[in-house]
Structures are given as C-alpha cells and as structure tokens.
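Here is what each chain is made of, one letter per residue.
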Amino acid sequence: MLILHCPCCGVDAAEIELTPGGEAHLKRFGPGSSDADFEGYLFLRDNPKGVVLERWRHSYGCGKWFLAARDSVTMQVFGTYSAQTQEPPQDILDRIEAARA
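Residues numbered from 1 in each chain as written. Predicted model: local features only at pLDDT ≥ 70, side-chain atom pairs only at ≥ 80, totals over all residues. Heavy atoms only, no water.

### Thoughts on the overall build of the chain
At step 1: Scanning the chain for helices and strands turns up 2 helices and 6 strands.
At step 2: Ordering the α and β elements of the chain from the N terminus gives β-β-β-α-β-β-β-α.
At step 3: Seen through its C-alpha atoms, the chain measures out along the principal axes to roughly 40 × 35 × 25 Å.
At step 4: In the chain, which comprises 101 residues, the share counted as buried stands at 26%.
At step 5: Here the chain displays about 6,700 Å² of accessible surface, and carbon together with sulfur accounts for 51% of that area. (Helix = DSSP H or I, 4+ residues; strand = E, 2+ residues; numbered from the N terminus. Buried < 20%, exposed > 50% of the residue type's maximum accessible area, 1.4 Å probe, protein only. Areas by Shrake-Rupley, 256 points an atom, 1.4 Å probe, with all protein chains shown as cover.)

In structure tokens, the structure reads:
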C-alpha cells in the first residue's frame, strides 16, 4: 500500500485516505490561449514509466493538496512537498538522482 507523508498536517497517510490529482507542475493556459494549447492542457499528459511528480489531496485528513515524487514502477516515494512549490525541492531531486545511480 502506498503511504505518503502529508507536509501540511504531518501525518503519514495510506492511499485510502488520499485522492490523486494527476500530474504536478502543469503549465496552465488562460483566456486568449489557442485551442491547441488548451487541448494540450486538458487532454495531453505524459505517462512515464519511472519517476513521476503528482498532486495528492489528504481527503480524509486535513483536506489540503500537496505534491509527491515517486517511482511508478517500484512505488518508492522520494518525498512530498507543498503544493505552492514551483518545482521539487533540491533534497528530493538528490534522492531521485541517487536512486537512478
């Protein structure tokens, strides 16, 4: 079972307490964007085999969104971090790099 640490409330939550929210760090297009850009935002997603950055909501806990880095094959969790972060923290990137070596 997948267990993620909620950085908002500090609880280690099992996946049954969480709701997945899809790929993290997507570029959102606003009013006036082209149809192709909007279509890409809505429908075109990477589905990599390996390291993924995802959005998660602690539904049966604090109710807040956070981001997680994990391996989609091994289910290894590299870390979680605030949803307001623009990119993964350096310590998580270092853990990902160390696992690939």
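### Description of the pattern of salt bridges
At step 1: Evaluation of the coordinates by the stated rule reveals 2 salt bridges.
At step 2: Of the charged contacts, one joins E54 and R70 as a salt bridge, the two residues approaching to 2.7 Å between their closest N and O atoms. A residue pair is termed long-range when its members are at least 10 positions apart, and E54 in strand β4 (residues 51-57) and R70 in strand β5 (residues 65-71) qualify at 16 residues.
At step 3: By relative accessible area, E54 is classed as buried at 14%.
At step 4: Assessed through its relative accessible area of 11%, R70 is described here as buried.
At step 5: With a closest N to O distance of 2.9 Å, R95 and D91 form a salt bridge. Of the two residues, R95 and D91 both sit in helix α2 (residues 90-100), 4 residues apart, roughly one turn of that helix. (Salt bridge = Lys/Arg side-chain N within 4 Å of Asp/Glu carboxyl O.)

### Notes on the side chain of D71
At step 1: Inspection of the secondary structure assignment puts D71 in strand β5.
At step 2: Buried and unpaired, D71 has R70 as its nearest opposite-charge partner, separated by 6.8 Å.
At step 3: Polar contacts involving the side chain of D71 include one to the main-chain amide nitrogen of T74, which spans 3.2 Å.
At step 4: If near-sequence neighbours (up to four positions away) are discounted, D71 is found in contact with G50, V51, Q76 and F78. (Lys, Arg positive; Asp, Glu negative; His and termini not counted. Polar contact = N/O pair within 3.5 Å; in protein donor to acceptor, adjacent residues only side chain to side chain. Contact = heavy atoms within 4.5 Å.)

### Re the packing of aromatic side chains
At step 1: What the rule picks out here adds up to 0 aromatic pairs.
At step 2: One residue, R45, lies across the ring of Y41, its end atom 5.5 Å from the ring centre.
At step 3: The positively charged end of R55 is found above the aromatic ring belonging to W65, 4.3 Å away from the centroid. (Phe/Tyr/Trp six-rings, centres within 6.5 Å; stacked < 30°, edge-to-face > 60°. Lys NZ or Arg CZ within 6 Å of the ring centre and 35° of its normal.)

### Observations regarding unusual backbone geometry
At step 1: Even without glycine at this site, H25 takes up a positive phi of about 60°.
At step 2: Mapped onto the elements of the fold, H25 is located in the loop between β3 (19-23) and α1 (35-43).
At step 3: Its identity as a non-glycine residue notwithstanding, M75 has a phi of 65°, on the positive side.
At step 4: Checked against the element boundaries, M75 lands in the loop between β5 and β6 (77-82).

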